Amino acid sequence: MEKNKAKSRIEYLRAFINKTNYEYYVLDSPTITDQEFDSYLRELENLEAEFPEFDSSTSPTKRVGGEVIDRFKKVKHKIPMLSLPDVFDATEIEDFNARILKEKILPIYVCEYKIDGLSVSLHYEKGELIFAATRGDGITGEDITHNVRTIKSVHLKINKPIDIEVRGEIFMPKKVLEEINDKRKIKGEPLLQNVRNAAAGSIRQLDSKIAAERKLDTWIYHLPNPEDYGIKTHEDSLNFMSELGFKVNKEANRVVTGIEEVQNYIEETSNIRATLPYEIDGIVIKVNSLESQKNLGFTSKYPKWAIAYKFPAEEVLTTLRDIVFTVGRTGRITPNAVLDPVIVMGSTVKRATLHNEDYVLMKDLKIGDVVSIRKAGDVIPEVVERKIERRTGAEEEFKMITQCPICDSVLEKKKDQVDYYCMNPSCPARKSEGLIHFCSRKAMNIDGLGIEIMEDFFNLGFIKKISDIYFLFQHRKDLIELEGYGNKSVDNLLAAIEDSKSNSLERLLFGLGISGIGDKTALLLVKIFKNMDNLMNATYDDFKTIKDIGPTLAENLYNYFHDVENISLIEELKKIGLNMNYLGENERHHDLISGKRFVLTGTLSFIDRDSLSGLLTSYGGVTSSSVSKKTDVVIVGENPGSKYEKARELNIEIWDEEKIKSIVDKL
Ligand code: IVH
């Protein structure tokens, strides 16, 4: 395409994509299909790649993530970012209202949802997003621009070329948290506790690809400099920001007069809270007149013109039907409450952990008790207390078991510890938990062999011990016929199992589940011992002399490697072809890519440019079209262009075809 034509097409596509983004993410009313959107975006990406001279940091193609920073820069807020004083009941709201009336200020308030997320400040210059910052301690925040750029409801360019700062909340929609946790559950990974931590955790990533995947969103609720735009009320500042295209919660925000209307708003909101697609943890009440706000002023910490009413933590009553026991990988026995199903904060709760015998006794729980349930950290359910006044006398006393519920062996409790253990290493429950651990993310990282699937395969008899995992391919036909598994998912799983054979030794060592050996200790050990044989031949003293390895761990290690069953397992895994060496930092192929900026010049025979670029991006690398000081690696194929010369001039690392192929082959 001719240059001028390309320029105007790029401009047209950018404006069009921004408009459709706005319709989809801010107005919630899409006008084109996802496929159409993707095809426009792809066209723009291609044109921008072909004509890098028209590159722009505000192009919608810059939202997909990929920018990686090495640290968070500190940003000083020109106007401090204050938080609000919390109030918890009607009396405290009345006190606030009384203080307003005492100052002869009209009790006209804007009521808003208190969004459960993290606050953000967005800065625009001539209408373009120049940076975004967290609140931090209110005076100094952190620059999170690279991640905020990936949030679709944040405009990279607003519809007026003005300088402006707006503030609001970044949040994770409830559904997104559920989706992430569903995936984590399957993989046996710890669940994200709540939307707030999940959003904050996503924003605190150096690699913006992760934030992009987390599908964060925003509500904008504060204009720090309303006088610059001649605005007189908070309501008008909300409208002004909305007109500029910011996502303002117009449906929720309400101007009210007097305390009664505030209470009505709170009641209405409490009733619909569970149906909202995002979490709110309270209501914010702000004096509407900006002049009155100014007169009221600030305390050292808070504005005097607003308060945050926090909803009480929801507690729901149900019946404790039974207490059942589960056996963990290490043999630890956990009592669990079986509850009559109840909905707590929008999801059904049927079970809750009771941790250990002492916990049940301390809470004085009896089977048949009416108990109150709360979501600790909003996700994990917790039994708060039994309602003693609801006892009928028919409740059954709790009794700790003395034998393993699965294999019947006698349980043991170590001196001064609260937990009971099943000591039988062949206990099926311990085995199945051990298998789940072996495949988990920090261990062998076999995608697709999470808790539920492993339990299925264990019960079906396909996998009874660790080495069976590597013979699962023999059951390929049976697996494909199982409900819920198809050709593709079975082949992906088998490929993931095959791939795991080449993991560095620390993963295997952690996966073996040696008592007390976590992922960090496993890494420490393999860095010292280098290979499995050295570990197996090490003496108790060899282990004990290592800093951070105490006598108990040393004994556990020594005993593990001198147990005949364990020795035969390791020998079998060796025969199957599992890597038994520490591969070292340089051989960690993902690490060779992740976080680096690549430029490709010339042609490679084994892979085309787009596929390579996609591959590098999927492993956390960034590709760009021109060589600069920021480039980490230039990949040089046949007939390279001037980029090769430039890389040499700037002394940038160069990978030839052989090198990149060897890395790609091992990914
Ligand atoms: S107004 C000076 N409005 O709650 C005004 N804050 O404790 C500052 N929040 O730090 C904030 N929804 O992170 C305001 N509609 C809303 C809000 C809101 C959530 C958060 C914000 C703030 C904290 C207040």
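Our structure is the block above this text.
On a predicted model such as this, the values are computed, not experimentally measured, just so you know. (Residues numbered from 1 in each chain as written. Predicted model: local features only at pLDDT ≥ 70, side-chain atom pairs only at ≥ 80, totals over all residues. Heavy atoms only, no water.)

(A) Layout of the overall build of the protein chain. The number of helices and strands found in the protein chain is 26 helices and 22 strands. In terms of overall dimensions, the protein chain has a C-alpha envelope of 85 × 80 × 50 Å along the principal axes. Counting over 667 residues, the protein chain shows a buried share of 47%. Taking all contacts inside the protein chain whose residues are at least 6 apart in sequence as the whole, residues at least 24 apart take part in 67%. Counting every atom, the protein chain has about 34500 Å² of accessible surface; 49% of that belongs to carbon and sulfur. (Helix = DSSP H or I, 4+ residues; strand = E, 2+ residues; numbered from the N terminus. Buried < 20%, exposed > 50% of the residue type's maximum accessible area, 1.4 Å probe, protein only. Contact = heavy atoms within 4.5 Å. Areas by Shrake-Rupley, 256 points an atom, 1.4 Å probe, with all protein chains shown as cover.)

(B) Layout of the sheet that holds strand β7 (residues 164-171). If you trace the four strands from one edge of the open sheet to the other, you get β5-β4-β7-β8, paired in antiparallel fashion. Each of the sheet's edge strands pairs with one partner strand only, and the pair in question is β5 (128-134) and β8 (217-222). Averaged over all adjacent pairs, the angle separating strand axes in this sheet is 35 degrees, with direction ignored. Pairing between strand β4 (residues 118-125) and β7: seven bridges, direction antiparallel. Note on β7: the bridge partner recorded for His123 is Glu165. Relative to β8, helix α8 (residues 234-243) is tilted by about 140 degrees, and along the sheet it contacts β7 and β8. (Pairing = 2+ DSSP bridges. Axes fitted to C-alpha atoms, helices over the stretch in contact; angles between N-to-C directions.)

(C) Quick peek at the site of the ligand. For the ligand, the set of nearby residues contains 15 residues, the closest of which are Glu112, Tyr113, Ile115, Glu169 and Lys286. Taking Glu169, its side chain carries an N or O atom lying 2.8 Å from an oxygen atom of the ligand. At a separation of 3.0 Å, a nitrogen atom of the ligand approaches a polar side-chain atom of Lys286. About the coverage of the ligand: the protein hides 90% of its 530 Å² of free accessible area. Listing elements by their share of the shell around the ligand, those giving two or more residues are β3 (108-115) and β10 (280-287). No other element matches the four residues that β3 contributes to the shell around the ligand. By residue class, the composition of the shell around the ligand is eight nonpolar, two polar and five charged. (Near = heavy atom within 4 Å. Polar contact = N/O pair within 3.5 Å; in protein donor to acceptor, adjacent residues only side chain to side chain. Nonpolar A, V, L, I, M, F, W, Y, C, P; charged D, E, K, R; others polar.)

(D) Structural detail: the packing of aromatic side chains. For the coordinates displayed, the defined rule picks out 21 aromatic pairs. The interplanar angle of 45 degrees and the centroid separation of 6.4 Å between the aromatic rings of Tyr113 and Tyr278 together place this pair among those described as tilted. Within this pair, whereas Tyr113 is found in strand β3, its partner Tyr278 is found in the loop between α9 (258-272) and β10, the two being separated by 165 residues in sequence. Residues Tyr113 and Tyr278 agree in their burial class; the two are buried. Note on Tyr124 and Phe246: the rings are 5.3 Å apart at their centroids and 70 degrees apart in plane angle, and the pair reads as edge-to-face. Taken together, the positions of Tyr124 in strand β4 and Phe246 in the loop between α8 and β9 (254-257) put the pair 122 residues apart, joining distant regions of the chain. (Phe/Tyr/Trp six-rings, centres within 6.5 Å; stacked < 30°, edge-to-face > 60°.)

(E) Focus on the nonpolar core. Counting 55 residues, the largest nonpolar core has Leu449, Ile469 and Phe561 as the members making the most contacts within it. Here Leu449 is in contact with Ile186, Cys439, Met454, Phe457, Ile463, Ile469, Leu493 and Ile497, once residues within four sequence places are set aside. (Core = buried A, V, L, I, M, F, W, Y, C linked by side-chain atoms within 4.5 Å.)

(F) Summary view of the packing of helix α12 (residues 428-439) against helix α13 (residues 451-460). Packing of α12 against α13 leaves a shortest axis separation of 10 Å and a crossing angle of 135 degrees. Put simply, α12 runs oblique to α13. As α12 runs across α13, the sense of the crossing is right-handed. Contacts from Pro428, Lys431, Ser432, Leu435, Ile436 and Cys439 of α12 reach α13 at Ile451, Met454, Glu455 and Phe458. (Parallel < 35°, antiparallel > 145°, perpendicular 65-115°, else oblique. Left-handed = near helix turned anticlockwise from the far one by under 90°.)

(G) Fine view of the sheet that holds β10. Read from one edge to the other, the open sheet built from five strands follows the order β2-β11-β10-β3-β9, with strand pairing classed as mixed. Either end of the sheet is taken by a strand with one partner, and the two such strands are β2 (86-87) and β9. Here β3 pairs with β10 via seven bridges, running antiparallel. From the neighbouring strand, Cys111 faces β10, where its bridge partner is Ile285. Seen against the sheet, α8 touches β3, β9 and β10 and runs at an angle of roughly 50 degrees to β3. Strands β3, β9, β10 and β11 (306-310) of the sheet are contacted by α9, whose axis makes an angle of about 140 degrees with β9.

(H) Region of interest: the pattern of salt bridges. Taken as a whole, this structure holds 33 salt bridges when the rule is applied. Between Asp369 and Arg391 there is a salt bridge whose closest N-O contact spans 2.7 Å. Here Asp369, found in the loop between α11 (357-362) and β15 (370-376), pairs with Arg391, found in the loop between β16 (380-386) and β17 (411-413); they are 22 residues apart in sequence, far enough to count as distant. Under the relative-accessibility criterion, Asp369 is labelled buried at 0%. Across the pair Lys442 and Asp519 runs a salt bridge, and its minimum N-O distance is 3.9 Å. With Lys442 in the loop between α12 and α13 and Asp519 in helix α18 (residues 519-529), this residue pair connects regions lying 77 residues apart in the sequence. Asp519 gets classed as partly exposed once you look at its relative accessible area, which sits at 26%. One network of salt bridges, with partners in common, ties together Asp364, Asp369, Arg386 and Arg391. (Salt bridge = Lys/Arg side-chain N within 4 Å of Asp/Glu carboxyl O.)

(I) Highlighting unusual backbone geometry. Here the phi dihedral of Asp364 falls at roughly 55 degrees; this positive angle occurs in a residue that is not glycine. As for its placement among the helices and strands, Asp364 is situated in the loop between α11 and β15. Look at Asp364 and you get partly exposed, because its relative accessible area is 26%. Positive phi, close to 80 degrees, is recorded for Asp548, a residue that is not glycine. You can see Asp548 is positioned in the loop between α20 (540-544) and α21 (551-561).

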